[in-house]
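A closer look at the structure
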Amino acid sequence: MAPVRFLAVGDVLVDVLSAEAPRREERIHAPVTIRAGGSAANAAVWASALGASAAVVGRVGSDPAGELVAGALAGRGIEANLARDPGAPTGVAIALGAGTSIASPGASARLAPDDIPDPLEGDALLVSGFSLLQASSAPGARAALERFAGRWAAVDLASPSLAAAAASHLEEMSAGANVVLATADEARAVTGFEPEDAARALGARFAVACVKLGEDGAVGVQGNQVEQAGIEPVVRRSAFGAGDAFAAALLVALAAGESLDRALHLACETGARSAASEDGWPPVRER
(Lines give C-alpha, C1' and ligand atoms only; values in the text may rest on other atoms or scores of the structure.)
Protein backbone atom coordinates (compact mmCIF):
# COMPACT_ATOMS: atom_id res chain seq x y z
CA MET A 1 0.00 0.00 0.00
CA ALA A 2 1.29 3.47 -0.90
CA PRO A 3 2.07 5.75 2.05
CA VAL A 4 -0.41 8.42 3.06
CA ARG A 5 0.15 11.65 1.16
CA PHE A 6 0.14 14.48 3.73
CA LEU A 7 0.02 18.17 2.81
CA ALA A 8 0.61 21.10 5.17
CA VAL A 9 -0.24 24.64 4.09
CA GLY A 10 0.48 27.85 5.97
CA ASP A 11 3.15 29.16 8.31
CA VAL A 12 6.70 28.43 7.15
CA LEU A 13 9.28 30.18 9.30
CA VAL A 14 12.73 29.97 10.83
CA ASP A 15 12.54 29.00 14.50
CA VAL A 16 15.15 30.21 16.98
CA LEU A 17 14.90 28.13 20.16
CA SER A 18 16.66 28.99 23.41
CA ALA A 19 16.72 26.41 26.17
CA GLU A 20 16.41 29.14 28.80
CA ALA A 21 14.80 32.57 29.21
CA PRO A 22 16.80 35.33 30.86
CA ARG A 23 15.39 37.44 33.65
CA ARG A 24 14.88 41.15 33.05
CA GLU A 25 18.15 42.90 32.11
CA GLU A 26 20.04 39.62 32.43
CA ARG A 27 22.43 38.16 29.89
CA ILE A 28 22.83 34.37 29.91
CA HIS A 29 24.60 31.63 27.98
CA ALA A 30 22.27 28.82 26.92
CA PRO A 31 21.94 26.28 24.10
CA VAL A 32 20.26 27.84 21.04
CA THR A 33 18.87 25.93 18.04
CA ILE A 34 18.05 27.48 14.66
CA ARG A 35 15.86 25.36 12.38
CA ALA A 36 13.06 25.46 9.86
CA GLY A 37 9.71 25.82 11.57
CA GLY A 38 6.22 27.22 11.52
CA SER A 39 3.10 25.10 11.79
CA ALA A 40 3.26 23.70 8.25
CA ALA A 41 6.90 22.61 8.48
CA ASN A 42 6.47 21.17 11.98
CA ALA A 43 3.45 19.10 10.96
CA ALA A 44 5.07 17.81 7.78
CA VAL A 45 8.20 16.69 9.65
CA TRP A 46 6.12 14.62 12.07
CA ALA A 47 3.94 13.20 9.30
CA SER A 48 7.10 12.07 7.54
CA ALA A 49 8.43 10.53 10.76
CA LEU A 50 5.19 8.53 10.97
CA GLY A 51 5.71 7.08 7.50
CA ALA A 52 3.71 9.50 5.35
CA SER A 53 4.83 11.15 2.15
CA ALA A 54 4.84 14.82 3.16
CA ALA A 55 4.78 18.16 1.39
CA VAL A 56 4.76 21.77 2.59
CA VAL A 57 3.14 24.65 0.73
CA GLY A 58 3.96 28.17 1.86
CA ARG A 59 5.78 31.42 1.22
CA VAL A 60 9.27 32.46 2.34
CA GLY A 61 11.55 35.35 1.53
CA SER A 62 14.13 35.50 -1.24
CA ASP A 63 16.83 35.40 1.39
CA PRO A 64 19.28 32.98 3.06
CA ALA A 65 16.67 32.12 5.68
CA GLY A 66 14.38 30.88 2.92
CA GLU A 67 17.22 28.68 1.66
CA LEU A 68 17.68 27.33 5.19
CA VAL A 69 14.01 26.32 5.32
CA ALA A 70 14.05 24.68 1.89
CA GLY A 71 17.25 22.80 2.67
CA ALA A 72 16.04 21.59 6.05
CA LEU A 73 12.83 20.21 4.57
CA ALA A 74 14.68 18.55 1.69
CA GLY A 75 17.04 16.97 4.22
CA ARG A 76 14.02 15.31 5.82
CA GLY A 77 12.72 14.03 2.49
CA ILE A 78 9.85 16.54 2.48
CA GLU A 79 8.66 18.20 -0.71
CA ALA A 80 8.87 21.98 -0.34
CA ASN A 81 6.54 24.05 -2.54
CA LEU A 82 7.76 27.43 -1.34
CA ALA A 83 6.98 30.65 -3.16
CA ARG A 84 9.76 33.22 -2.85
CA ASP A 85 8.63 36.71 -1.86
CA PRO A 86 10.83 39.48 -3.30
CA GLY A 87 9.58 42.11 -0.86
CA ALA A 88 9.30 40.42 2.54
CA PRO A 89 11.80 38.37 4.56
CA THR A 90 11.29 34.81 5.71
CA GLY A 91 9.29 34.83 8.93
CA VAL A 92 10.96 34.15 12.26
CA ALA A 93 9.69 32.79 15.58
CA ILE A 94 11.78 32.99 18.75
CA ALA A 95 11.18 30.85 21.83
CA LEU A 96 12.81 31.69 25.16
CA GLY A 97 12.51 28.59 27.28
CA ALA A 98 9.33 26.52 27.01
CA GLY A 99 6.81 29.29 27.59
CA THR A 100 7.77 32.66 26.04
CA SER A 101 7.75 33.28 22.30
CA ILE A 102 7.85 36.10 19.74
CA ALA A 103 6.84 35.75 16.08
CA SER A 104 7.31 37.92 13.01
CA PRO A 105 5.50 36.13 10.14
CA GLY A 106 7.23 37.99 7.33
CA ALA A 107 6.55 36.49 3.89
CA SER A 108 4.33 33.80 5.38
CA ALA A 109 1.67 36.45 6.04
CA ARG A 110 1.48 37.09 2.29
CA LEU A 111 0.46 33.57 1.24
CA ALA A 112 -1.53 33.98 -2.00
CA PRO A 113 -3.70 31.80 -4.25
CA ASP A 114 -0.92 31.74 -6.87
CA ASP A 115 1.29 29.98 -4.28
CA ILE A 116 -1.08 26.99 -4.09
CA PRO A 117 -0.82 24.10 -6.59
CA ASP A 118 -4.01 23.39 -8.55
CA PRO A 119 -5.14 20.72 -8.01
CA LEU A 120 -3.71 20.08 -4.54
CA GLU A 121 -3.53 16.31 -4.45
CA GLY A 122 -3.15 14.17 -1.34
CA ASP A 123 -4.92 12.08 1.27
CA ALA A 124 -4.85 14.58 4.15
CA LEU A 125 -4.48 18.36 4.27
CA LEU A 126 -3.69 20.59 7.25
CA VAL A 127 -4.26 24.34 6.89
CA SER A 128 -2.90 26.59 9.63
CA GLY A 129 -5.33 28.96 11.29
CA PHE A 130 -2.51 31.50 11.41
CA SER A 131 -2.88 31.67 7.63
CA LEU A 132 -6.62 31.05 7.24
CA LEU A 133 -7.87 33.40 9.94
CA GLN A 134 -5.76 36.45 9.09
CA ALA A 135 -6.80 38.75 6.26
CA SER A 136 -3.47 39.04 4.45
CA SER A 137 -3.01 35.28 4.00
CA ALA A 138 -6.62 34.07 4.05
CA PRO A 139 -7.05 34.03 0.23
CA GLY A 140 -4.13 31.64 -0.14
CA ALA A 141 -5.30 29.39 2.68
CA ARG A 142 -8.85 29.29 1.33
CA ALA A 143 -7.49 28.41 -2.12
CA ALA A 144 -5.80 25.37 -0.56
CA LEU A 145 -9.12 24.14 0.85
CA GLU A 146 -10.88 24.77 -2.45
CA ARG A 147 -8.24 22.98 -4.54
CA PHE A 148 -7.66 19.99 -2.29
CA ALA A 149 -8.60 16.68 -3.88
CA GLY A 150 -8.58 14.25 -0.97
CA ARG A 151 -10.53 12.73 1.92
CA TRP A 152 -9.44 14.65 5.04
CA ALA A 153 -9.04 18.44 5.16
CA ALA A 154 -8.31 19.99 8.56
CA VAL A 155 -8.08 23.48 9.99
CA ASP A 156 -6.22 24.24 13.23
CA LEU A 157 -7.68 27.31 14.94
CA ALA A 158 -4.18 28.52 15.95
CA SER A 159 -4.96 31.02 18.75
CA PRO A 160 -7.86 32.06 21.01
CA SER A 161 -7.91 35.61 19.63
CA LEU A 162 -8.05 34.45 16.00
CA ALA A 163 -10.66 31.84 16.88
CA ALA A 164 -12.84 34.41 18.68
CA ALA A 165 -12.67 36.81 15.74
CA ALA A 166 -13.77 34.04 13.36
CA ALA A 167 -16.46 32.52 15.59
CA SER A 168 -19.45 33.95 13.74
CA HIS A 169 -18.25 32.86 10.30
CA LEU A 170 -16.01 29.87 10.96
CA GLU A 171 -17.85 27.56 8.54
CA GLU A 172 -17.61 30.16 5.77
CA MET A 173 -13.91 30.75 6.42
CA SER A 174 -13.14 27.02 6.54
CA ALA A 175 -15.39 25.86 3.70
CA GLY A 176 -13.97 22.59 2.38
CA ALA A 177 -12.59 21.46 5.74
CA ASN A 178 -14.14 18.46 7.48
CA VAL A 179 -11.81 18.35 10.52
CA VAL A 180 -11.25 21.09 13.09
CA LEU A 181 -8.57 21.11 15.79
CA ALA A 182 -8.49 23.50 18.74
CA THR A 183 -7.04 23.93 22.18
CA ALA A 184 -9.50 24.22 25.05
CA ASP A 185 -9.11 28.02 25.01
CA GLU A 186 -9.64 28.21 21.24
CA ALA A 187 -12.67 25.92 21.41
CA ARG A 188 -14.14 28.03 24.22
CA ALA A 189 -13.58 31.19 22.18
CA VAL A 190 -15.59 29.74 19.29
CA THR A 191 -18.35 27.93 21.18
CA GLY A 192 -18.48 29.39 24.69
CA PHE A 193 -18.31 25.85 26.11
CA GLU A 194 -15.87 23.79 28.14
CA PRO A 195 -13.89 21.05 26.31
CA GLU A 196 -16.29 18.12 25.91
CA ASP A 197 -19.31 20.27 25.17
CA ALA A 198 -17.17 22.41 22.88
CA ALA A 199 -16.02 19.30 21.01
CA ARG A 200 -19.64 18.21 20.61
CA ALA A 201 -20.64 21.65 19.33
CA LEU A 202 -17.78 21.68 16.83
CA GLY A 203 -18.57 18.07 15.92
CA ALA A 204 -22.01 19.23 14.80
CA ARG A 205 -20.29 21.54 12.30
CA PHE A 206 -17.42 19.30 11.14
CA ALA A 207 -17.09 15.56 10.46
CA VAL A 208 -14.37 15.31 13.13
CA ALA A 209 -13.63 17.78 15.94
CA CYS A 210 -10.72 17.49 18.37
CA VAL A 211 -10.08 19.63 21.43
CA LYS A 212 -6.53 19.43 22.78
CA LEU A 213 -6.18 19.48 26.56
CA GLY A 214 -2.41 19.70 27.02
CA GLU A 215 -1.29 17.43 29.85
CA ASP A 216 -4.80 15.97 30.04
CA GLY A 217 -4.77 14.58 26.51
CA ALA A 218 -7.62 15.34 24.10
CA VAL A 219 -11.28 14.76 23.36
CA GLY A 220 -12.56 13.97 19.88
CA VAL A 221 -16.02 13.78 18.33
CA GLN A 222 -17.11 12.07 15.13
CA GLY A 223 -20.88 12.04 14.67
CA ASN A 224 -22.35 10.61 17.86
CA GLN A 225 -19.02 9.06 18.88
CA VAL A 226 -17.05 10.79 21.65
CA GLU A 227 -13.52 9.60 22.45
CA GLN A 228 -11.01 10.73 25.03
CA ALA A 229 -7.29 10.01 25.17
CA GLY A 230 -4.75 10.72 27.88
CA ILE A 231 -0.97 10.98 27.82
CA GLU A 232 1.87 9.94 30.04
CA PRO A 233 3.31 12.98 31.86
CA VAL A 234 6.37 14.49 30.16
CA VAL A 235 8.70 17.37 30.93
CA ARG A 236 8.03 20.00 28.27
CA ARG A 237 11.29 21.07 26.68
CA SER A 238 10.15 22.71 23.44
CA ALA A 239 7.85 25.71 23.07
CA PHE A 240 6.95 24.92 19.46
CA GLY A 241 5.55 21.96 17.60
CA ALA A 242 3.46 19.79 19.93
CA GLY A 243 0.10 20.88 18.52
CA ASP A 244 1.39 20.52 14.97
CA ALA A 245 2.69 17.02 15.75
CA PHE A 246 -0.72 16.15 17.21
CA ALA A 247 -2.49 17.34 14.06
CA ALA A 248 -0.13 15.48 11.74
CA ALA A 249 -0.52 12.19 13.61
CA LEU A 250 -4.30 12.47 13.79
CA LEU A 251 -4.65 13.12 10.06
CA VAL A 252 -2.14 10.48 9.00
CA ALA A 253 -3.99 7.91 11.13
CA LEU A 254 -7.42 8.89 9.79
CA ALA A 255 -6.13 8.82 6.22
CA ALA A 256 -4.70 5.34 6.86
CA GLY A 257 -8.17 4.14 7.89
CA GLU A 258 -7.68 4.11 11.65
CA SER A 259 -10.61 4.67 14.03
CA LEU A 260 -11.04 8.00 15.79
CA ASP A 261 -10.07 6.34 19.07
CA ARG A 262 -6.80 5.01 17.67
CA ALA A 263 -6.07 8.25 15.80
CA LEU A 264 -6.64 10.32 18.93
CA HIS A 265 -4.32 8.17 21.04
CA LEU A 266 -1.60 8.29 18.39
CA ALA A 267 -1.99 12.06 18.14
CA CYS A 268 -1.61 12.49 21.91
CA GLU A 269 1.47 10.26 21.99
CA THR A 270 3.07 12.17 19.11
CA GLY A 271 2.29 15.56 20.60
CA ALA A 272 3.89 14.48 23.87
CA ARG A 273 7.00 13.27 22.04
CA SER A 274 7.30 16.66 20.36
CA ALA A 275 6.88 18.55 23.64
CA ALA A 276 9.54 16.41 25.32
CA SER A 277 12.12 16.74 22.53
CA GLU A 278 14.89 19.33 22.51
CA ASP A 279 13.55 21.28 19.53
CA GLY A 280 10.04 19.89 18.93
CA TRP A 281 11.15 17.70 16.00
CA PRO A 282 11.79 13.95 15.81
CA PRO A 283 15.34 12.69 15.35
CA VAL A 284 16.40 12.39 11.71
CA ARG A 285 16.75 8.60 12.10
CA GLU A 286 12.96 8.29 12.46
CA ARG A 287 12.36 9.03 8.79
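It should be noted that the structure appears before, not after, this text.
Criteria and thresholds
Residues numbered from 1 in each chain as written. Predicted model: local features only at pLDDT ≥ 70, side-chain atom pairs only at ≥ 80, totals over all residues. Heavy atoms only, no water. Patch = residues over 30% accessible without salt bridge, like charges linked within 9 Å, V, L, I, M, F, W, Y side chains within 5 Å. Areas by Shrake-Rupley, 256 points an atom, 1.4 Å probe, with all protein chains shown as cover. Salt bridge = Lys/Arg side-chain N within 4 Å of Asp/Glu carboxyl O. Helix = DSSP H or I, 4+ residues; strand = E, 2+ residues; numbered from the N terminus. Axes fitted to C-alpha atoms, helices over the stretch in contact; angles between N-to-C directions. Parallel < 35°, antiparallel > 145°, perpendicular 65-115°, else oblique. Left-handed = near helix turned anticlockwise from the far one by under 90°. Contact = heavy atoms within 4.5 Å. Nonpolar A, V, L, I, M, F, W, Y, C, P; charged D, E, K, R; others polar. Pairing = 2+ DSSP bridges. Expected span 1.5 Å × (residues − 1). Buried < 20%, exposed > 50% of the residue type's maximum accessible area, 1.4 Å probe, protein only. Phe/Tyr/Trp six-rings, centres within 6.5 Å; stacked < 30°, edge-to-face > 60°. Lys NZ or Arg CZ within 6 Å of the ring centre and 35° of its normal.

Moving on, we get to a nonpolar patch on the surface. On the surface, a cluster of nonpolar side chains totalling about 260 Å² of accessible area is made up of Val32, Ile34 and Leu68. Note that isoleucine 34 resides in strand 3 (residues 32-37).

Close contact between helix 1 (residues 39-49) and helix 9 (residues 242-255) brings their axes to 8 Å; oriented N to C, the two are set at 50 degrees. By the angle between their directions, the pair helix 1 and helix 9 is classed as oblique. Our pair here, helix 1 against helix 9, has a crossing hand that is right-handed. Contact residues: helix 1 offers Ser39, Asn42, Ala43, Trp46 and Ala47, while helix 9 offers Asp244, Ala245, Ala248 and Val252. Considered class by class, the residues forming the contact of helix 1 with helix 9 number six nonpolar, two polar and one charged.

Below, the discussion takes up the sheet that holds strand 15 (residues 225-229). Strands pair in a sheet through their backbones, by hydrogen bonds, and they do so in one of two ways: parallel or antiparallel. The nine strands lie next to each other as 5-4-1-9-11-12-13-14-15, forming an open sheet whose pairing is mixed. Strands at the two margins of the open sheet, each flanked by one partner only, are strand 5 (79-85) and strand 15. Taking each pair of neighbouring strands and ignoring which way they run, the sheet shows an average axis angle of 15 degrees. Direction of pairing for strand 1 (residues 5-9) relative to strand 9 (residues 124-128): parallel, over a ladder of four bridges. Residue pairing across strands places leucine 7 opposite leucine 125, the latter belonging to strand 9. Together, strand 11 (152-156), strand 12 (179-183) and strand 13 (208-212) form the strand contacts of helix 7 (residues 184-191), whose direction differs from that of strand 12 by roughly 110 degrees.

Here the focus is the sheet that holds strand 6 (residues 90-96). Taken together, four strands build an open sheet; the order of strands is 3-2-6-7 and the sheet is mixed. Strand pairing shows two members of the sheet lacking a second neighbour, strand 3 and strand 7 (100-106), which therefore form its edges. Looking at each pair of strands side by side, their axes are set apart by 15 degrees on average, direction ignored. The pairing of strand 6 with strand 7 spans six bridges and is classified as antiparallel. Across the sheet, leucine 96 pairs through a bridge with threonine 100, a residue of strand 7.

Turning next to helix 9. Along its 14 residues, helix 9 runs 20 Å from first to last C-alpha, staying within 8% of the 20 Å computed at 1.5 Å per residue. The buried fraction of helix 9 is high, at 12 of 14 residues. Along helix 9, the residues classified as buried are Ala242, Asp244, Ala245, Phe246, Ala247, Ala248, Ala249, Leu250, Leu251, Val252, Ala253 and Leu254. The first or second residue beyond helix 9 is glycine 257, which carries a positive phi of 95 degrees.

What follows is about the pattern of salt bridges. Counted according to the given criterion, the structure contains 12 salt bridges. Between arginine 84 and glutamate 67 there is a salt bridge whose closest N-O contact spans 2.9 Å. Residue arginine 84 is located in strand 5, and its partner glutamate 67 is located in helix 2 (residues 64-75); the two are separated by 17 residues in the primary sequence. Exposure remark for arginine 84: the relative accessible area of 33% places this residue in the partly exposed category. The partly exposed category is assigned to glutamate 67, whose relative accessible area is 49%. A salt bridge links arginine 188 to aspartate 185; the nearest nitrogen and oxygen atoms lie 2.8 Å apart. With a gap of three residues between them, arginine 188 and aspartate 185 both fall in helix 7, about one helical turn apart.

What follows covers the packing of aromatic side chains. Taken as a whole and judged by the stated rule, the model has zero aromatic pairs. The side chain of arginine 151 reaches across the aromatic face of tryptophan 152, ending 4.0 Å from its centre.

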